[in-house]
Each structure stands twice: as C-alpha cells, then as structure tokens.
Amino acid sequence: NKGNYEHYMQKEIHEQPESLKTTMRGRLIRGGSCKAKTVLLGGLKDHLKTIRRSRRIVFIGCGTSYNAALAARPILEELSGIPVTMEIASDLLDRQGPIYREDTAVFVSQSGETADTLLALEYALDNGALCVGITNTVGSAIARHTHCGVHINAGCEIGVASTKAYTSQIVVMAMLALAIGGDTISNQARREAIIDGLFDLPNKVREVLKLDQEMKDLASLLIAEQSLLVFGRGYNYATSLEGALKVKEVALMHSEGILAGEMKHGPLALVDETLPIVVIATRDTCFSKQQSVIQQLHARKGRLIVVCSKGDAAAVSSGGSCRVIEVPQVEDCLQPVVNIIPLQLLAYHLTVLRGFNVDQPRNLAKSVTTQ
Ligand code: UD1
Ligand code: BG6
C-alpha cells in the first residue's frame, strides 16, 4: 500500500523517521541519573564475549548492504579496537579469501536471501568463523543459518532500490559498535553522545526530508546529463558510493562514487565546466581536507553541488560558484544516515523526471537469488 505516495521508493524514503524509530525500539536504554546509557541487542547478548575476543571482524554483503557496512566500519573500529575488513560477497567467493576460526563474519542483507551472500555464509561456516546476520527479514535464509544476529526491523521494503533498509542497517551497526565496544571511563562521553544522537536521529531525518523540493529542483537541472560524480571520504565514503548507486540503478544515469583522497590519482582528469560533481563536506575530522578538495575543484572550474552542514554555505562556496545543500549536523558516525537522504531524493526525482520506472528499474531485481 502506497498510501498518499505515488511510488514505493518515495514512500520508503519519507518513512525513514518512523522506520529508524522501529529499528531502535527497545534497544537503547537511557538510564536514570546514575545509570549509564546503554544498548541492548537481544540477539547478540550471549555472543558479545566471543565477538570481543575475535582477531578480526569481516563485513560481507552486496550492493547497498555492503555500502551500509562501509559506513559503519569507522565507528566499529574506533569503539571495538578490532580490525574491521570489508568483503563484497562475490569477490570473497571468487578469491576463496582467507576466513579463520578467530574471525567474526558479519553478513549484511536486507532480504536475507541474496545468493552470493548466502554462499559466502556457507563458506565462512565451513571455515569455522562466528557468523552474525544483520537482516530485515525474519525467517530468511541468512537469519536461519547464522549463529546469531540482529533484525533491523525497518518494515517491508518494496522498491527495488534500497532506502530505508540502508539507514536502518547503519543504525544497527552503530548499535553493534556500542555493544561490542567496552564501556570504559575514557570512552563514556563518546558513547553517550552517540546514544543521544541515536535518540534524536529520527527528528534530524524529518528535518532533512524537507529538502524534497530543493532536490526536485536540482534534479530538473540534471535531467539531461550523461554522468554524475559523487566525492566523499571518511564516514561519508559510503555516502558517495551509495548516492551514486541510487542514481545509477533507478535514474539510469552513469554515476560513480569516488573516494576524495584518490581524486588526484585519476578522477581529476574528468573535471571540466560541464560534468556535475556532488561533494559531501559535512563537519567532521575530514572537513578541512574536503575544503581543500573543493578549492582544487573550483580551480578547475568544476560544476559543484556541495552537501555541507547547516551554516557552512559560505565556508564551502568561497573560491568559486557552486550549489549548496545544507543538512543538519549530527554525531559524525551517524552523519551518513542524514547525508544519504538528499541523494535518495535526488535519485527519485531524477528517475521520475526522466520518465523511468522508479520501483522496478530496468534489468534489476529486489532479491538476487542466482549467482
Ligand atoms: C526479539 C523478538 C522480538 C521481541 C524481542 C523482545 C523475534 C524475531 N524477535 O527481538 O519480536 O519484541 O525479542 O525482547 O522474535 N538472528 C540470527 N541471525 C540474524 C538475525 C537474528 O541468528 O540474521 C537471531 C538472534 O540472534 C536472535 C533472534 O534471531 O536469537 C531474534 O533476533 P532479533 O529479532 O534481532 O532479537 P530481539 O531484538 O531480541
Ligand atoms: C539487489 C538489490 O541488487 O541486491 C539491491 O537490487 C540490494 O537493492 C542488493 O542492495 C543486496 O540485497 P540484500 O537483500 O542482500 O541487501
């Protein structure tokens, strides 16, 4: 049921304040005056000790689910102190890459039925790793075959392009980082700031959804373009990959997410006055580096669209003209949840304006159950 919306993808984008609330329901505990704020993931509580002892955490997934894990990687590394590596399921299988008994392998899948992810799960089980699932589908193959896991509880997602599942996956993995990370005095303030940030996240998402018309206006300017680049780094490297994936899969426009730190090693050659480039430059420890990327793109007369924190329009547009999209600032590790939303809206409006099928893009399936 699409309710008052024209398409499922549109409904699912606008549903995110509610889906995120459902994802967090019963799992965040804001203690009394002397009780610390904490996270409770029922499906993992008996396995946390084993996970903390593992030598490595390996995230495994495909498409949007892989991107969600990439967004959560920095906070998991920071809070757990355990090395975190990333695997695209098919690539792990192609290489028969090493997976050990001392590894915790985390399988991220909205549907819980993706063939490559499932085969990678069988492979990791054979190699003796502790296998953890993060899925939206109770009773799915991945939920059944993993040793333990977390249901993201985002509600049924019908649009082939994943939107609300992506933001709920990131939130679950941020909670996973809090659950695995020790509750030491030195990181208490950081943990509390993240938990407060999680409580407030649905409000911030509601606020950023007000950019709908602005993103529709931007889409109308980009409607006839051949290509769109998206530059990000740090917490928002994943945002650049996921934003580009949305544009590619539904709007059928070539789009590439680029790690901004790699700009000089190739992508800079593409920059001219015509190619539109989105730069994610919200406030975090990478901000000054992103400002310098923007300066270098301005110097080459790049056609920029900058996503920045509220109040930073002047700081990012000095040195050249660009279109600025201001988003509310949240805790750095949660910023990818906010930042992807204008790009979801852009992909949606671009698709509708270009006259393509937004809920069932050409050649794609919601769940890829064959290799
Ligand atoms: C569970 C209940 C929820 C109830 C809550 C009350 C289910 C599905 N969930 O939620 O309805 O409100 O207790 O405390 O009945 N699992 C895997 N692999 C996965 C995902 C999950 O093995 O990929 C396992 C978990 O380890 C756990 C079970 O499935 O044993 C349920 O997981 P989850 O729904 O996340 O647990 P709770 O949030 O505790
Ligand atoms: C398909 C979908 O390619 O599978 C994508 O079209 C999705 O939206 C990908 O990200 C992975 O699916 P899942 O269910 O394993 O998260």
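An unreviewed UniProt entry lists the protein under the name glutamine--fructose-6-phosphate transaminase (isomerizing), from Morella rubra.

End to end, helix 14 (residues 335-354) covers 29 Å across 20 residues, agreeing with the expected 28 Å (1.5 Å per residue, within 8%). The buried fraction of helix 14 amounts to 17 of the 20 residues, a majority that puts the element mostly inside the structure.

Our next topic: the layout of surface pockets. Its boundaries defined by the atoms lining it, the largest pocket holds a volume of some 470 Å³. If you trace the largest pocket, you find 23 residues lining it, with Cys 62, Gly 63, Thr 64, Lys 366 and Val 368 closest to the centre. Elements with a contribution of two residues or more to the lining of the largest pocket: helix 4 (63-80), strand 5 (103-109), helix 6 (115-126) and helix 11 (237-251). Among the elements that take part in the lining of the largest pocket, helix 4 stands out by supplying 3 residues, more than any other. Along the lines of polarity and charge, the residues of the lining of the largest pocket split into 9 nonpolar, 10 polar and 4 charged. Here the second largest pocket is characterised by a volume of approximately 190 Å³. Along the wall of the second largest pocket there are 15 residues; nearest its centre are Gly 302, Arg 303, Leu 304, Ser 321 and Cys 322.

Let's shift gears to empty space enclosed by the protein. All chains considered together, the criterion is met by 1 cavity of 30 Å³ or more. Taken as a whole, the largest cavity encloses approximately 40 Å³ of empty space. Every residue lining the largest cavity is listed: Arg 233, Asn 236, Ile 280, Ala 281, Thr 282, Asp 284, Cys 286 and Gln 290. Class assignment of the residues belonging to the lining of the largest cavity gives a composition of 3 nonpolar, 3 polar and 2 charged.

Right, let's talk about the environment of Cys 286 for a bit. Structurally, Cys 286 can be placed in the loop between strand 10 (276-281) and helix 12 (287-299). Judged by relative accessible area, which is 17%, Cys 286 ranks as buried. Along the backbone, Cys 286 and Asp 196 are 90 residues apart, and their C-alpha atoms lie at a distance of 22 Å. For Cys 286, the residues in contact, after removing those within four places along its chain, are Arg 233 and Gly 234.

It is worth spelling out the site of ligand 1 at this point. Near ligand 1 there are 13 residues, and of these Arg 27, Gly 43, Thr 146, Gly 149 and His 151 occur at the shortest range. Here an oxygen atom of ligand 1 sits 3.4 Å away from a polar atom, N or O, in the main chain of Gly 133. The separation between a nitrogen atom of ligand 1 and a polar main-chain atom of Cys 148 is 3.3 Å. Considered on its own, ligand 1 offers 730 Å² of accessible surface; in the complex 51% of this is hidden by protein. Of all the elements in the fold, those that place two or more residues in the shell around ligand 1 are strand 6 (130-135) and strand 7 (148-151).

What counts and how
- Residues numbered from 1 in each chain as written.
- Chains lettered and ligands numbered in written order.
- Predicted model: local features only at pLDDT ≥ 70, side-chain atom pairs only at ≥ 80, totals over all residues.
- Heavy atoms only, no water.
- Helix = DSSP H or I, 4+ residues; strand = E, 2+ residues; numbered from the N terminus.
- Expected span 1.5 Å × (residues − 1).
- Buried < 20%, exposed > 50% of the residue type's maximum accessible area, 1.4 Å probe, protein only.
- 1 Å grid on protein atoms, 1.4 Å probe; cavity = no way out; pocket = protein on both sides within 12 Å on 5 of 7 lines; lining within 4 Å.
- Points joined across faces, edges and corners; volume = space filled by probe spheres on them.
- Nonpolar A, V, L, I, M, F, W, Y, C, P; charged D, E, K, R; others polar.
- Contact = heavy atoms within 4.5 Å.
- Near = heavy atom within 4 Å.
- Polar contact = N/O pair within 3.5 Å; in protein donor to acceptor, adjacent residues only side chain to side chain.
- Areas by Shrake-Rupley, 256 points an atom, 1.4 Å probe, with all protein chains shown as cover.

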